[in-house]
Structures are given as C-alpha cells and as structure tokens.
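Residues per chain are reported as follows:
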Amino acid sequence: MNEQDINDQFWKAVDSYVMDVQAELAEHIKLWKIDLSVSEVHEVIGALVARQVSLSIQLAGAPQIWNGHVAPLILRSMVDTYITLAWIFEDPLDRSRKFIAYGRGQDKLVLEHHKAQLVAEGKKPEEVPYIKNMEDMLNTQRFTFLTEINIGSWSGHDVRQMAEQSGCLDLYRFAYVPFSAPTHSMWNHLVRYNLRLCTNPLHRYHRVPTIRDDPSSEDYLYRAAKYVEKTFVLFRDKTKTQPSVRSSFDNLRRIWTELAKSSEPSDVNNDDI
C-alpha cells in the first residue's frame, strides 16, 4: 500500500468513526428503559454520555488541533465528564438533582450579574430583550425566584474525592491531573510549549516566549475515542443494557493498527490512560 492509499484509508477510518460513534450512542440510549418518575436521571446521564460523543466528534473533525496546545483541553473535559458520570451513577437520583440544581443556579447567577450591570449603566433590565430571553429559558426549568444559587461545589466534594469514590482514581491521576496543566495554563505546560532558552550565553540562559511547533498526532483522537468507549462500558454496566452495535473505538483501532503495519510505526500509545 503506497503512502497516498494509507492516507486515504486513515481519513476514511476517521469519517467512519464519526458515523459509528453516533450510531453507538443512539443504540445505547434506545435500549435504556426510561422511568419518567425519575426523568432527571435519564436527562443528566444521557446528556453526559452525549457530551462525550460530541467532544470526540468535534476533535475528530479538526485534525489541525491534534497537538499539545489544544487537544488536551478537550481531553481534560472528557475525563472530567467521565468522573462526573461515574460519581452520579453511584446515587443517580439524588446526585442528578444536585447536578441540575447547581447548573440552574449558575445560570441565575449570570442573569443577576447582567441585571446589576445594566442597572449600573442606568438601564432597566426588564426592557432589555436578552434579559427576558434568559429568564424565559430559566423559567422553563424552574421559576427563577425559586432557584437557589450555590457558589460552592455542586457535589460537595472535589474531583479527586469523586474519582476515588467512584473507582476511577487512576484516571484522575494519569489523565485529569496532566491535562489540567494545559487547561489552566500552568507552569509545567508553559515551560514546555511557550518558552525556549535564550541563545545568548550572556543572558544567563533565561527563557523567552515562543510558540512551539507541535506536530499533529492521531494519539489525541485515539484517546478521545478511548474515553468514549470507557463511558459506554460504564453506561452498560450501570444500566444493564447490551447493545449489539459494533464498537466505534474497536473499529477505529483495528483499521489504524492495520495501516500502521503498512507504514511507519504509529505514535499511538495503546497503554496510556
């Protein structure tokens, strides 16, 4: 297989993944028995699983960000989502309700900040269209005057505690923590990606700002697909569903493995979390 054929097959596999993972999501949700008396559980859990799929699809469609500058931001969000989902599954109804209440409260907080800013500018908030639209949206879920604002943690625990309690501490240690550095622009990321040593020996080898050219790597999409697969496995285990649809992750990995045998060794690390 020549280089062009390998390249064509690679991108065909990526396109196939996007279609397969959406079909996989639809099949999982279809087989999940809905109990309308606890609709919050289905809404929260379903939305979190769909979020994982959405993020992996967006990453798959933007190969220009398969680098250490941007891809970790998406992967960190996916790890965070997985930990949240795993923790909610331990007590679905109570924790789903807390999750929803906190999110509504955050929306109300933003709304109140907007109102205060308008008043400071001498304007009447009730006459501003986007304020009414925000209130209408919030009122479809719960009247704003009944919505409480919680400025602390929605779960009452930090992420490490949630990970430990839901059995995914390794994911926290080896994925959440490392990906937090680029997400929050911490020193241990900046020193590698946005600084370089000055070439003037008289300047005591201080570091100067730079934008490192980080080559694109399919490993970032591999990881995203793997996190989606972990999410589906968790979903099946907790909901006792058994979809017959093929695994989008397994299919992507199989094709890439075959292509790797026909070309240079892949930089995908199958052993990483």
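Reading the values: rules and limits
- Residues numbered from 1 in each chain as written.
- Predicted model: local features only at pLDDT ≥ 70, side-chain atom pairs only at ≥ 80, totals over all residues.
- Heavy atoms only, no water.
- Helix = DSSP H or I, 4+ residues; strand = E, 2+ residues; numbered from the N terminus.
- Buried < 20%, exposed > 50% of the residue type's maximum accessible area, 1.4 Å probe, protein only.
- Contact = heavy atoms within 4.5 Å.
- Areas by Shrake-Rupley, 256 points an atom, 1.4 Å probe, with all protein chains shown as cover.
- Lys, Arg positive; Asp, Glu negative; His and termini not counted.
- Charge placed at Lys NZ, Arg CZ, Asp CG, Glu CD.
- Phe/Tyr/Trp six-rings, centres within 6.5 Å; stacked < 30°, edge-to-face > 60°.
- Lys NZ or Arg CZ within 6 Å of the ring centre and 35° of its normal.
- Axes fitted to C-alpha atoms, helices over the stretch in contact; angles between N-to-C directions.
- Parallel < 35°, antiparallel > 145°, perpendicular 65-115°, else oblique.
- Left-handed = near helix turned anticlockwise from the far one by under 90°.
- Nonpolar A, V, L, I, M, F, W, Y, C, P; charged D, E, K, R; others polar.
- Core = buried A, V, L, I, M, F, W, Y, C linked by side-chain atoms within 4.5 Å.
- Polar contact = N/O pair within 3.5 Å; in protein donor to acceptor, adjacent residues only side chain to side chain.

(A) Representation of the overall build of the chain. When helices and strands are counted, the chain shows 10 helices and two strands. In sequence order, the secondary structure elements of the chain are arranged as α-α-α-α-α-α-α-α-β-β-α-α. Along the three orthogonal principal directions, the C-alpha set of the chain runs to about 65 × 65 × 35 Å. Scored against the burial criterion, the 273 residues of the chain give a buried share of 42%. Look at the contacts in the chain between residues 6 or more apart in sequence, and 73% of them connect residues 24 or more apart. Approximately 15,900 Å² of the chain is accessible, and the part contributed by carbon and sulfur atoms is 52%. Across the chain, the 32 positively charged side chains and the 37 negatively charged ones have centroids separated by 4 Å.

(B) Structural context of the packing of aromatic side chains. Applying the stated criterion across every chain yields a total of seven aromatic pairs. Here the aromatic rings of Tyr172 and Tyr176 are separated by 5.0 Å at their centres, their planes lie at 20 degrees, and the arrangement is stacked. Of this pair, Tyr172 and Tyr176 both sit in helix H7 (residues 169-183), four residues apart, which is roughly one turn of that helix. Relative accessible area serves as the criterion here: at 10%, Tyr176 is assigned to the buried category. One aromatic cluster is present, formed by Phe10, Trp11, Trp66 and Trp256 through successive ring pairs. Between Arg212 and the ring centre of Tyr193, over which it is positioned, the NZ or CZ distance is 4.4 Å. A cation over a ring is seen here: Lys230 above Tyr82, with NZ or CZ 5.2 Å from the ring centre.

(C) Main features of the side chain of Asp20. Structurally, the position occupied by Asp20 is in helix H1 (residues 3-31). Overall, Asp20 belongs to the buried group, its relative accessible area being 11%.

(D) Seen up close, the packing of helix H9 (residues 219-239) against helix H10 (residues 248-261). At a closest axis distance of 9 Å, the pairing of H9 and H10 adopts a crossing angle of 150 degrees. Of the possible angle classes, the one that applies to H9 and H10 is roughly antiparallel. Crossing handedness for the pair H9 and H10: left-handed. Facing Leu221, Tyr222, Ala225, Lys226 and Glu229 of H9, the residues of H10 in contact are Phe249, Leu252, Arg253 and Trp256. Of the residues assigned to the contact of H9 with H10, the class counts are six nonpolar, no polar and three charged.

(E) Quick look at the nonpolar core. Ranked by internal contacts, the top residues of the largest apolar core, which has 63 residues, are Ile45, Ile83 and Trp256. Looking at this core, the elements with two or more residues in it are H1, helix H2 (39-60), helix H3 (71-89), helix H6 (159-165), H7, H9 and H10. Setting aside chain neighbours within four positions, we find Ile45 in contact with Trp32, Leu85, Ile88, Phe89 and Phe235. If you look at the next biggest cluster of nonpolar residues, it comprises five residues, including Leu111, Leu118, Val128 and Ile131.

(F) Looking closely at unusual backbone geometry. Positioned with a positive phi, Ser185 is a non-glycine residue whose angle comes to about 50 degrees. The topology assignment puts Ser185 in the loop between H7 and helix H8 (187-193). Residue Lys240 is not a glycine yet carries a positive backbone phi of 60 degrees. In this structure, Lys240 sits in the loop between H9 and H10.

(G) Representation of the environment of Ser166 within the structure. With respect to the helices, strands and loops of the structure, Ser166 is situated in the loop between H6 and H7. Considered as a pair, Ser166 and Phe89 are 77 residues apart in the sequence and their alpha carbons are 8.3 Å apart. Not counting residues within four places of it along the chain, the set of residues in contact with Ser166 comprises Ile83, Ala86, Trp87 and Glu90. In this structure the side chain of Ser166 is engaged in a polar contact, spanning 2.6 Å, whose partner is the backbone oxygen of Met162.

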